[in-house]
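Here is how the chains run, residue by residue.
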Amino acid sequence: MAALALQASVPQSQPLIHFPSFSLSTLSQGSNRRNLLFCAPSEINHVRSEVSLCVGTHLIPHPKKALTGGEDAYFVSNHSGGVIAVADGVSGWAEEDVDPSLFPREFLANASHLVGNDDEVNNDPRILLRKAHSATSATGSATVIVAMMERNGMLKVANVGDCGLKIIRTGQIIFSTSPQEHYFDCPYQLSSERVGQTFLDATVSNVELMEGDILVMGSDGLFDNVFDHEILATATKNVDVVEAAKALANLASSHSADKMFESPYSLEARSKGYDVPFWKKILGMKLTGGKLDDITVVVGQVVSI
């Protein structure tokens, strides 16, 4: 993610709140590539439910940020039918000498703590965004998406910015979130600054899920580099959710480094008027290539309990 929605003086950031090690929920702070398999059956949470999510994840940092783990974060929780979330730190804060990874990591640490511990946020992702945002003291900003599934299969989604979610049913994508942008490559974002987007700007969606549905959630590093038909083919080809997440992340990583690939990102850039210099156009050249970025993929499958 390249652009900041706001340019302002930046106060000293507060210490990062670290989330405890994995038990019944997990938060990735992007330290390296990692896989996660998470299921929430009744023998674990001792609550008989109708459906739940089995989840696999994979995170690949930007090549230049591999040592620090990148600026994406995610978490998975077994609360109710399952909760998944992705936050993408805005890299433009580095120009202000601020670590862009601090805000999304603390934001999701706060969100993860609230889930299951605060009745007001349960099954309402927009309130979860509000409270997690209010509790975050780190300087920075992030695009964020949260999806909360009730045990009856109702999925509630709140999205600010260009992290996204797609739902696959019987070989078709039946639902997709839409990115929110101020202008090309400058998405809506929750910020430490007073002027900016809030939970009220989130796009909220409700989708009734069925057993066997597949959820693909990710940062823009996935959706800028992988087309819908590729997501559909890859997610349905891999039966195991961990392998599906890994395959999608690897595909996005491969496309992002391919300078000749006509990616979703390069196609959108050209549609918005961004292209190679005029003299290159005369030679028949055009803007192509993927977008190098942090890549986070969360794949969930709805299973009966």
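Scoring rules and cut-offs
- Numbers given to residues run from 1 along each chain, matching the order in which its sequence is written.
- The model is predicted, so local features are restricted to residues of pLDDT at least 70 and side-chain atom pairs to those at 80 or more, both for listing and for counting; the totals for chains, interfaces and linings are taken over all residues.
- Water and hydrogen atoms play no part in the side-chain values, which are based on all heavy atoms of the structure.
- Exposure is judged per residue with a 1.4 Å probe applied to protein chains only, and the accessible area is read against the type maximum: over 50% gives exposed, under 20% gives buried, and values in between give partly exposed.
- Secondary structure counts use DSSP, requiring at least four H or I residues in a row for a helix and at least two E residues in a row for a strand, with both numbered from the N terminus.
- Strand pairing is defined by DSSP finding a minimum of two bridges between the two strands.
- Should any heavy atoms of two residues lie within 4.5 Å, those residues are considered in contact.
- Helix axes are fitted only over the stretch in contact, all axes being lines through C-alpha atoms; the angle between N-to-C directions runs from 0 to 180 degrees.
- Whether a crossing is left-handed or right-handed is set by the direction in which the near helix is turned from the far one by less than a right angle, anticlockwise for left-handed and clockwise for right-handed.
- Gly falls in the polar group here, along with every residue not listed as nonpolar (Ala, Val, Leu, Ile, Met, Phe, Trp, Tyr, Cys, Pro) or charged (Asp, Glu, Lys, Arg).
- Of the grid points, spaced at 1 Å and generated over the protein atoms alone, those admitting a 1.4 Å probe that cannot get out make up cavities, while open sets with protein on both sides within 12 Å along at least five of seven lines make up pockets; any residue with an atom within 4 Å of a point is treated as lining.
- Grid points are joined across faces, edges and corners, and a volume is the space filled by probe spheres set on the points.
- Each Phe, Tyr or Trp ring, with Trp reduced to its six-membered ring, pairs with another whose centre is within 6.5 Å; inter-plane angles below 30 degrees give stacked pairs, above 60 give edge-to-face pairs, and intermediate values give tilted ones.
- Look at NZ for Lys and CZ for Arg. If either is within 6 Å of the ring centre and within 35 degrees of the ring normal, a charge sits over the ring.

1. Details of the pairing of strand β6 (residues 141-149)
Turning to step 1, where the next piece is worked out: Here β6 lies mainly inside the structure; 9 of its 9 residues are buried.
Turning to step 2, where the next piece is worked out: Here β6 folds back onto strand β7 (residues 154-160), and the loop between the two strands holds 4 residues, one of which, Gly153, carries a positive phi near 100°.

2. Quick notes on the side chain of His62
Turning to step 1, where the next piece is worked out: Tracing the backbone shows His62 in the loop between β3 (51-60) and β4 (72-77).
Turning to step 2, where the next piece is worked out: A residue is classified by how much of its surface remains accessible, and His62, at 12% relative accessible area, is buried.
Turning to step 3, where the next piece is worked out: Sequence-distant contacts of His62, that is, excluding residues within four places in its chain, are made with Leu292, Asp293 and Asp294.

3. Details of the packing of helix α5 (residues 228-237) against helix α6 (residues 241-256)
Angle between the axes and distance between the axes are the two parameters that describe a pair of packed helices.
Turning to step 1, where the next piece is worked out: At a minimum axis distance of 8 Å, the contact between α5 and α6 shows a crossing angle of 145°. Two packed elements cross with a definite hand, and for α5 against α6 that hand is right-handed. Facing α5, whose interface residues are Glu230, Ile231, Thr234 and Ala235, α6 presents Ala244, Ala247, Leu248, Leu251 and His255.
Turning to step 2, where the next piece is worked out: Looking at the contact of α5 with α6, its residues break down into 6 nonpolar, 2 polar and 1 charged.

4. Focus on unusual backbone geometry
Turning to step 1, where the next piece is worked out: One non-glycine residue, Ser80, adopts positive backbone phi at about 55°.
Turning to step 2, where the next piece is worked out: Counting through the fold element by element, Ser80 comes out in the loop between β4 and β5 (82-89).
Turning to step 3, where the next piece is worked out: The exposure class of Ser80 is buried, given its relative accessible area of 11%.

5. Thoughts on helix α7 (residues 264-271)
One turn of the α-helix equals 3.6 residues, which is why residues spaced by three or four share an orientation.
Turning to step 1, where the next piece is worked out: Taken residue by residue, α7 has Pro264, Tyr265, Ser266 and Ala269 as its buried positions.
Turning to step 2, where the next piece is worked out: On the buried face of α7, the contacting elements are α4 (220-223).
Turning to step 3, where the next piece is worked out: One or two positions beyond α7, positive phi appears at Gly273, with a value near 95°.

6. Description of the environment of Gly300
Turning to step 1, where the next piece is worked out: Following the sequence through the fold, Gly300 ends up in strand β15 (residues 295-304).
Turning to step 2, where the next piece is worked out: Placed 58 residues apart in sequence, Gly300 and Val242 show a C-alpha to C-alpha distance of 9.0 Å.
Turning to step 3, where the next piece is worked out: Excluding anything up to four places from it in sequence, Gly300 contacts Cys54, Val55, Asp213, Ile214, Leu215 and Val241.

7. A few points about the layout of surface pockets
Turning to step 1, where the next piece is worked out: Looking at the largest pocket, its volume works out to about 370 Å³.
Turning to step 2, where the next piece is worked out: Considering the residues around the largest pocket, the lining is formed by 22 residues, among which Asp162, Pro179, Phe223, Asp224 and Glu268 are closest to the centre.
Turning to step 3, where the next piece is worked out: Going through the elements one at a time, β8 (164-169), α4, α5 and α7 are the ones with two or more residues in the lining of the largest pocket.
Turning to step 4, where the next piece is worked out: Among the residues forming the lining of the largest pocket, the class breakdown is 10 nonpolar, 3 polar and 9 charged.

8. Here's the deal with the environment of Ala202
Turning to step 1, where the next piece is worked out: The topology assignment puts Ala202 in the loop between β12 (190-191) and β13 (203-208).
Turning to step 2, where the next piece is worked out: For Ala202, a relative accessible area of 11% puts it in the buried group.
Turning to step 3, where the next piece is worked out: Here the alpha-carbon distance between Ala202 and Val157, two residues 45 residues apart in the chain, equals 9.2 Å.

9. Thoughts on the packing of aromatic side chains
Turning to step 1, where the next piece is worked out: As enumerated under the stated definition, the model contains 4 aromatic pairs in all.
Turning to step 2, where the next piece is worked out: With 5.4 Å between their ring centres and 35° between their planes, Phe184 and Tyr265 make a pair best called tilted. Of the two residues, Phe184 is situated in the loop between β10 (181-183) and β11 (186-187) and Tyr265 in helix α7; the sequence distance between them amounts to 81 residues.
Turning to step 3, where the next piece is worked out: Directly above the aromatic system of Phe199 lies the positively charged group of Arg130, at a separation of 5.7 Å from the ring centroid.

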